[in-house]
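The primary structure of each chain is shown beneath.
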Amino acid sequence: MRIMLLVAPLALVACVKGNPVDLGEFVGEGGTYHVDDCDYDVTTRYGAEMPKPGQPIFGADPTPRLVHLGIMGDPKTSVVAQWRTGDEVTRASQIRFAKGADLAEADLTETREGIEFAYDSTGAVAPRMHQAHLCGLEPGTEYSYQVGGTDITGRTSFSPVYTFHTAPDVVAHPDAEVVFGFVGDSRGGYDVWNMLVSQLESRNPDLILFSGDMVTIGLTQYEWEDFFTRAERLFARVPFVSAHGNHEVNAVNYYAQVAMPGDQENFGFDYGFAHVTVGNDTPDDISKLAGEFKSKIDADMTKSEAARWKLFMHHQPMFSASTRHGPSATLQDAWLSTVDKHHVDLVLNGHDHDYEVSKPMINKLVQASSDNATVFVVAGGAGAELYDNGTDYWTLYSEKTYSAAIINVRRDQMTLSAFRQDGTGIPQGFSKTKP
Amino acid sequence: MIRALLVIVACTAIASADPEADADAAFRAAGALAAKSDPAAITAFEALGEARPITRWTDDAWAEAARLSENARDYARARRDYRQVVALGTDPRLVARAKGALARIEELGGERWDAVRATHERLASVINGGDDPHDALQALADLVRANPQYPRANLARLTIAMGWEAEGESTSALAWYREGAESAAAEPGQHVRLEYVRALVRAGELDDAERALAALDPALVDQGGARQAAETLATAHRRRAIRYAIAIVIVLLVAGGVIVARREAGGWPAVGKIFARPSTEAWFLAPLAILLALVALPGNPLVARAVRWIGVAGVGTAWLSGALLEAARTRGPLRARRMIVHVVLVIGVVGAAAYLVVDGIGLLGLLEETWRGGPALE
């Protein structure tokens, strides 16, 4: 019996350990896994394996890397930690955590099992993602955590300890301020992206909103590694949410590496006094823009009608005066009426690699006041080659520059302050108060 | 009057029986001032921060005052107000942000550089703000020369370089890029030096770009940025080779056409006479080209420029083509084989000219992006 107990795990290791999944033979058809603790489903797309619980198996290098946080549930009480390992074989998937900031490893008293799945990509082997979902957390609270796993022999491999915090409960804390970092279009210019990550880090945001085009071609895995490597020091502490950009090309790599609510394309969530709606303006079928996607966006905004502040992030701007892409009449036709109907305060875009702030607008017309009107901000300068800026009748300010922005949201006021890659401030932002 | 009332509310409201409610009202009043970019907002927030008893709004008031002071480039005041947030220590998030901001401000060497930094920020805003940047570019250049030890001097050089580039002053721009690159040899990430490489590629100085790329410190440079710069340079080399080859083909075809026309027309004066007046084909195509240019005008500016210049190339080619056919007809009816060769060559010239236009105005990158990332929504 004792021999059996020893041999069985070794047989299991021998069975699973070995070569990573050869992409030549890899067929991922996607699938759904129900996370009991959180009572939601994790669904992977065609091109990825069905998510499954981790197993106590290590490959040659089980060191966790590219750690980044996401949200799928209520950010007041939940978070998703995601990571890869040095090899693509390791199946062990765990998170250790405890309440408190900057705790020592020994103080991480709670453990949760994670899930993992491989996905199709460029390269010789299938990259493997690990996720750990934490729910039932306390609002406005700091937690320390590390991710990694334990193999069948008891060997462990964990990341350094990071600290994150949950979104505040604004009913209990009406003075709560939340800070969003807003940035987009890093593709190719990773030296600039690295500088902007440092700038964002020094501003201690609660959440990063990325408006798309992290990479030049969504299927190219090495570019994703460029992106996440430079962002890890920020993304391991601050969750990030992204809109799908045209360069992500609806690749499975994008959906596999970025955990987000709902279908990961069109969704919304509350964070502090803000409700953030995210839309995919590059669907696989363009007719979805004015159909299914518009309905989803409208439904999300209707559901959150009572939100104090409404933000809408998608990639391609409805209003841009850049000489490269410029405004999108297609998107105006598809989505502008929804934006106007729900009195969205701020629309966040990228795609044009410059920085622009519009005057307050309703139905393509400039308004004297921002009450009930929408301001459109383009900040597509996270590293991609800059485009020439321009001006049009809606333009309040435009500049050809690398940039990111910080959005401070309080109960009665929302401000946006932008800065260049060197940290110098861009003079024109956005500020609005509500009685 | 309203402003004065708001300041009074912000400064005195906390003296009543419900300090929390009054502080809440004072915070709102100060926020309303801030939304109007009124400098009195900082005073109003500071007054609320100093008021006692401490309320839930006290640390928030200091944080807002500090943030507004930093945005107003009053770094001494920002420092003082951020320190108040840290000293109060009532909200870990606000404390973390205040500490981050203090580190960000001190990163540049502390109070020593406050004045230089404020001037740098102000001038950078003027240079990038859309007004005439020439005076600001000169002033920033003077600032950099006077303060070579300023921690952001290399980034200021980059601002100057990009400012001159935006003004179309390529020589001045490249000189500043080069000065920045030389001064930033030990810079982690090598951002300024990578920008120099990119600027040289944009300016078509590909050999210099090769040298600048080779000069990057492999131990310091951001590998992803360097790889992308190398790819951009390789693409520029490839496109330049194609451009030269196409230009040579066009010149040879046009020259060959003119020589054939001379032979068929019987001498240079006859050729000159035929070429002097627009052909029927040119008269036919010109209004179509104008119409297409007008239709394209409200759309993407790059596409509009391309349509305009392709139209010009098309009309020019039609003029030349018509003249050649007219010269050929002076020797009798045209044979089918000659017509087919003529049409193929004309299509080739128009295609080659269109490529040169698309490449020349930068539309090739947009087409490549469309190929890679799908069509942009127009």
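Residues numbered from 1 in each chain as written. Chains lettered and ligands numbered in written order. Predicted model: local features only at pLDDT ≥ 70, side-chain atom pairs only at ≥ 80, totals over all residues.

Colleague: Any chance you could explain the domain arrangement of chain B here in plain terms?
Modeller: You'll often see interface size given as the accessible area lost when the parts meet. Assigned domains of chain B: these are domain 1 (2–107), domain 2 (116–221) and domain 3 (242–373). Put simply, the middle of domain 1 of chain B and the middle of domain 2 of chain B, counted by C-alpha atoms, are 37 Å apart. (Domains from an automatic or database assignment.)

Colleague: Whenever I open this one, the confidence of the model for chain B confuses me. Can you help?
Modeller: Caution applies to low-pLDDT regions: their predicted coordinates should not be interpreted in detail. All names here are of chain B. Confidence along chain B averages 89 in pLDDT terms, with 94% of residues attaining 70 or more. The secondary-structure element of chain B with the lowest mean pLDDT is helix 1 (residues 2–12), recorded at 51, while helix 3 (residues 40–50) shows the highest, at 97. For this predicted complex, the interface confidence score (ipTM) comes to 0.85, while the overall pTM stands at 0.87. (pLDDT = per-residue confidence, 0-100. Helix = DSSP H or I, 4+ residues; strand = E, 2+ residues; numbered from the N terminus.)

Colleague: Just checking my understanding: could you explain helix 6 (residues 329–341) of chain A for this structure?
Modeller: Three- or four-residue spacings in an α-helix give side chains the same orientation, since the helix completes a turn every 3.6 residues. Residue and element names in this part refer to chain A. Compared with an ideal rise of 1.5 Å per residue, which puts 13 residues at 18 Å, helix 6 spans 18 Å between its outermost C-alpha atoms and is within 8% of the ideal. In the structure, helix 6 departs most strongly from a straight axis at W335, where the bend amounts to approximately 50 degrees. Taken residue by residue, helix 6 has L331, A334, W335, L336 and V339 as its buried positions. Tucked into the core, helix 6 has its buried residues touching helix 5 (289–303), strand 18 (309–313) and strand 19 (346–349). H343 occupies a position one or two residues after helix 6 and carries a positive phi of about 50 degrees. (Expected span 1.5 Å × (residues − 1). Bend = angle between axes of the 7 residues up to and from the residue. Buried ≥ 20, exposed ≤ 12 C-beta atoms within 10 Å, placed from the backbone. Contact = placed C-beta atoms within 7 Å.)

Colleague: Whenever I open this one, the interface of chain A and chain B confuses me. Can you help?
Modeller: Every contact between the two is made by 45 residues of chain A and, on the other side, 43 residues of chain B. Looking at the side of chain A that touches chain B, the elements with two or more residues in it are helix 2 (190–202), helix 6, strand 26 (413–419) and strand 27 (430–433) of chain A. When residues of the side of chain A that touches chain B are assigned to their parent elements, the largest contribution, 6 residues, is made by helix 2 of chain A.

Colleague: Would you mind showing me how to read helix 17 (residues 336–360) of chain B here?
Modeller: Residue and element names in this part refer to chain B. Helix length check: helix 17 (25 residues) gives 36 Å between terminal C-alpha atoms against 36 Å at 1.5 Å per residue, within 8%. Among the residues making up helix 17, those that are buried are V346, V349, A352, A353, V357 and V358. G362 sits one or two positions beyond helix 17 and adopts a positive phi of about 85 degrees.

Colleague: What's the story with the sheet that holds strand 15 (residues 240–242) of chain A in this structure? I'm lost.
Modeller: The strands that make up a sheet are held in pairs by hydrogen bonds between backbone atoms, and each pair lies either parallel or antiparallel. Residues and elements named next belong to chain A. With respect to topology, 6 strands assemble into an open sheet ordered 15-14-13-25-26-27, the strand pairing being mixed. Of all the strands in the sheet, the pair left with one neighbour each is strand 15 and strand 27. Within the sheet, the average angular offset between the axes of one strand and its neighbour, ignoring direction, is 20 degrees. Across the sheet, helix 2 is in contact with strand 13 (178–183), strand 14 (207–210), strand 25 (404–409) and strand 26; its angle to strand 25 comes to roughly 20 degrees. (Pairing = 2+ DSSP bridges. Axes fitted to C-alpha atoms, helices over the stretch in contact; angles between N-to-C directions.)

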